[in-house]
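# Breakdown of the fold
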Amino acid sequence: MVDILKPEEMFNSIDYALPKKPWEDVPTDFSEGTFCYPTKKKNQEYLSLVAKDEWSPADEDWKLPPNWQEIIHEGFKERLEKYRSLKVFMDICVRCGACADKCHFFIGTGDPKNMPVVRAELLRSIYRNDFTIAGKILGSIAGARKLTPAVIKEWFAYFYQCSECRRCSVYCPYGIDTAEITMMGRELLSLLGLNINWILEPVANCFRTGNHLGIQPHAFKEMIEFFCDDIEEITGVKINPSFNRKGAEILFVTPSGDVFADPGTYTMMGYLMLFEHIGLDYTLSTYASEGGNFGLFTSSDVMKRLNGKMYQEAKRLGVKWILGGECGHMWRVINQYMETMNGPADFLEVPKSPLTGTVFKNAASTKMVHIAEFTADLIKHNKLKLDPSRNDKFKVTFHDSCNPSRAMGLLDEPRYVLKNVCNHFYDMPENTIREQTFCCGSGAGLNTEEIMDLRMRGGLPRANAVKHVHDKYGVNMLACICAIDRAALPPLMNYWVPEVGVTGIHELVGNALVMDGEIERTIDLRQEPLKEEEE
Amino acid sequence: MNVNYLYSLLAVVVLGLVAYVGAGSVGLQGVFGIFIPYLALVIFIAGFVNRVMDWAKSPVPFRIPTTCGQQQSMDWIKQNKIDNPSTTWGVLVRMFFEIVLFRSLFRNSRVEIVGSRLSYKWVVWLWLFAILFHYSFLAVVVRHLRFFLEPVPFFVKALEQMDGILQVGLPGVFISGVTLLAGALLLLMRRILIPKINYISKAADYFPLLLIIGIALTGLTMRYFTKVDVTKVKELTMGLATFHMGIPEGGLSALFYVHLFFVCILVAYIPFSKLMHMGGVFLSPTRNLANNSRMKRHINPWNPKVKFHTYDEYEDDFREKMIEAGLPVEKE
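Computed from a predicted structure; not experimentally measured. (Residues numbered from 1 in each chain as written. Chains lettered and ligands numbered in written order. Predicted model: local features only at pLDDT ≥ 70, side-chain atom pairs only at ≥ 80, totals over all residues. Heavy atoms only, no water.)

Summing up its helical and strand segments, chain B has 13 helices and two strands in all. For 332 residues, the compact-globule estimate of 2.2 N^0.38 gives 20 Å, and the C-alpha radius of gyration of chain B, at 28 Å, exceeds that figure by more than 25%. Along the first, second and third principal axes, the C-alpha atoms of chain B reach 100 × 50 × 45 Å. Burial status across chain B gives 52% buried among its 332 residues. (Helix = DSSP H or I, 4+ residues; strand = E, 2+ residues; numbered from the N terminus. Rg over C-alpha atoms; globule rule 2.2 N^0.38 Å. Buried < 20%, exposed > 50% of the residue type's maximum accessible area, 1.4 Å probe, protein only.)

Below you can see the structure in the form of structure tokens.
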């Protein structure tokens, strides 16, 4: 990893002055630290994708296959025929500039190719050249350009410099969605074997072991049991989750990050405590042990292949419905893709909370409920005894994750839960939350060490808003409902606002939950004293 | 001087000269008054239909609305039924706001570095200029229906009355003509003066604006200064509308033909340009779909067959470890 600037230096280095040359003539920078490392060939081979021998984006010659132009042209054509979104978004942009400064990567880097409009023009210029009359006749006057290796390099740099957060699409008068553009761009690059390792390794892992982190079944069970020991130590309550159990009412699926890495693990503990306390008849699966789906960042086919496990496992185990944990892009896949790809889910029942009797009509077809909906419903019906004062040392704010916000609209459920489990809650300024929320800067598979400079820049707008409530209200805890956030926000906070920690909302639920038969709590789920004075 | 607007300005000036000389000095009034308008109209209709059909030919495989508010959830959580619609009605209202009031543009903000912080300011200018421009354009187009319909329909007359409410000048000033020019000039200035917007602007952005400015300028000049013979204009346009083509006796001024030629170019240019946003805005899948894909299954017509890694394959891979860990297996 290359050293990155100090926060103050980075902030002062942001320069919105534009290059003298038009963007078409500005070569792409591939110095170390600017690009994601390419995938290892074995991952492509394991997934039967186009495999490419070892290479580096820093190489002058990327050794593209001899017919690479034809591959891109045909791939482009195929996608235009498959997606109306792509066709319309290629044609109707008026370059009004409303999106230009809505991208966190533009705000943090000042690089004009990070303006959503230009990111899309990278693809559009080739579209015009290959598929429009005006582009064929007028060439560069009509905004067309020839497909050269430099264009492919530019695509690689900038389609892996977009976190598919869709913030720009909120402001676009035509709803042009850069995530859609980036997804198509990445699919095209994948046709040439140009994938990044931080995405494709998790994908290959997930395909084989059921989860991105490659946790094998026995290890998955051991890790969960380890949490149960911790919970017993903290609360005195013994928890016995089941695995791969046929006949359970509910299958619970959460991102494997919650099983593997702090602070997600505390959120996992929160789920386990909640389910034990309410006596939920549920099971965990080691096969469908991943809620997230890095296939979304690879191609729609790969997304489908990974996602299929959820329904297949639900069917094999004979559960009635599926409950999903806190995760961002996981919920984009569930809400906007899952049943279309792998449905119909006619072997499941319309989800109904066994405790409150609430029928989740909004999940009537996919049969999958978000844990924030489920818990909010429990709290609303007074099914939980909560002691929010156990979270009193935290002044909490909430980071709306991109996908639950802009591809679903899960905004008030997590806030309702938070306000019931902690006494000090403060929202960030309105143009930085809800549908206008800023990305953590590391979404869509960019949470990789080698581009730390870019990640800190991309996360700046989020951190800046956190700093605002930190200074104003003393906020010291950033709650979120996304496993990528729980991995990406701690280094981001550590860099820009080091006094602020990161938590999932069910960690705070776990702290506040008064369980039957529990001992007096003196420590929280992190095994730190409940009250700061005691430190 | 930016080459993008230089090209566009040059193109508009040359086009204007072509009509001025062609219809004026050379006297090709039939070509510019009859043949080109029909040709432009045919290109427009065929091109527009073709483009929309081409869009419609591609399916919408996934339901991908950009949700801009609270989803439909439990009954006690208030849904934002417009910005996150779950019904067709909601979508219709959302589209209405989008198309008629430019709702998304209204959200626009600007980022600024203030000291050691980022700050965001709500900015209304782009929305305001866009509204001014588009509604002026619409009013001007509707007013021009007077030239193609006899008797003049009531709504055209009503609009004229409203448009002329200022009651200044003779002939009375129509507000929309002036605001169309102002709107187009403001949008052009924005592109030239704001560095970011300048950087992303292409010839294809300047050309239609300059063309429309040309149309407005020639139109205003004819109405208020050179006082074009409106009866003769109507004779020509009614001839076009009723297929009784003919050039009025004594002909029309060269300026009129410049105006008409600009309009023809614009109309014929629409299907091949970004001006197709007028049709595309209706077809954008992030706006025109309900966020109801958890409630109702959305079908992808090309849903591919893919290779899954089945549970059986998984168990084969890990069976011994699973048994050892006490995990249930299908085959012992």
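Further remarks concern the environment of Val267 of chain B. All names here are of chain B. Mapped onto the elements, Val267 comes out in helix H11 (residues 254-269). Here Val267 falls in the partly exposed class, since its relative accessible area comes to 22%. Considering only alpha carbons, one finds Val267 and Phe256, 11 residues apart in sequence, at a separation of 17 Å. For Val267, the residues in contact, after removing those within four places along its chain, are Ala40 and Phe44. (Contact = heavy atoms within 4.5 Å.)

On the chain B side, the residues contacting the 122 residues of chain A number 92 residues. Roughly 9,100 Å² of surface becomes buried between chain A and chain B when both sides are summed, with 57% attributable to carbon and sulfur atoms. Broken down residue by residue, the surface that chain A buries against chain B is led by Arg84, Arg95 and Thr340 of chain A, which jointly contribute 9%. Here chain A and chain B share 10 salt bridges between them. A salt bridge links Arg208 of chain A to Asp317 of chain B; the shortest N-O distance between them is 2.7 Å. Between the two partners, chain A and chain B, sit 75 residue pairs in polar contact (both at pLDDT 80 or more). Partitioned by chemical class, the residues of the side of chain A that touches chain B number 57 nonpolar, 29 polar and 36 charged. (Buried area = accessible area lost by both parts, 1.4 Å probe. Salt bridge = Lys/Arg side-chain N within 4 Å of Asp/Glu carboxyl O. Polar contact = N/O pair within 3.5 Å; in protein donor to acceptor, adjacent residues only side chain to side chain. Nonpolar A, V, L, I, M, F, W, Y, C, P; charged D, E, K, R; others polar.)

Quick look at the domain arrangement of chain B now. On domain assignment, one finds that chain B holds domain 1 (3-301) and domain 2 (305-332). Here the C-alpha centroids of domain 1 of chain B and domain 2 of chain B sit 61 Å apart. (Domains from an automatic or database assignment.)

Turning to the sheet that holds strand S6 (residues 477-480) of chain A, a few remarks are in order. Residues and elements named next belong to chain A. Spatial strand order, S5-S6-S7: three strands in an open sheet with parallel pairing. If you trace the sheet from one side to the other, it starts and ends with strand S5 (396-399) and strand S7 (501-504), each paired once. Taken pair by pair, the neighbouring strands of this sheet meet at an average axis angle of 35 degrees, ignoring direction. Sheet strands touched by helix H23 (residues 505-512): S5, S6 and S7. Its angle to S7, the strand with the most contacts, is close to 80 degrees. (Pairing = 2+ DSSP bridges. Axes fitted to C-alpha atoms, helices over the stretch in contact; angles between N-to-C directions.)

Another aspect to go through is the sheet that holds strand S2 (residues 282-284) of chain A. Residue and element names in this part refer to chain A. Strand order in the open sheet made by the four strands is S2-S1-S3-S4, with parallel pairing throughout. The open sheet is flanked by S2 and strand S4 (368-370), the only strands paired with a single partner. Between one strand axis and the next, the sheet turns by 30 degrees as a mean value, whatever way the strands run. Pairing analysis gives four bridges linking strand S1 (residues 250-253) to strand S3 (residues 321-324), with the strands arranged parallel. Note on S3: the bridge partner recorded for Leu251 is Ile322. Across the sheet, helix H14 (residues 264-278) lies against S1, S2 and S3, angled at about 155 degrees from S2, the strand it touches most.

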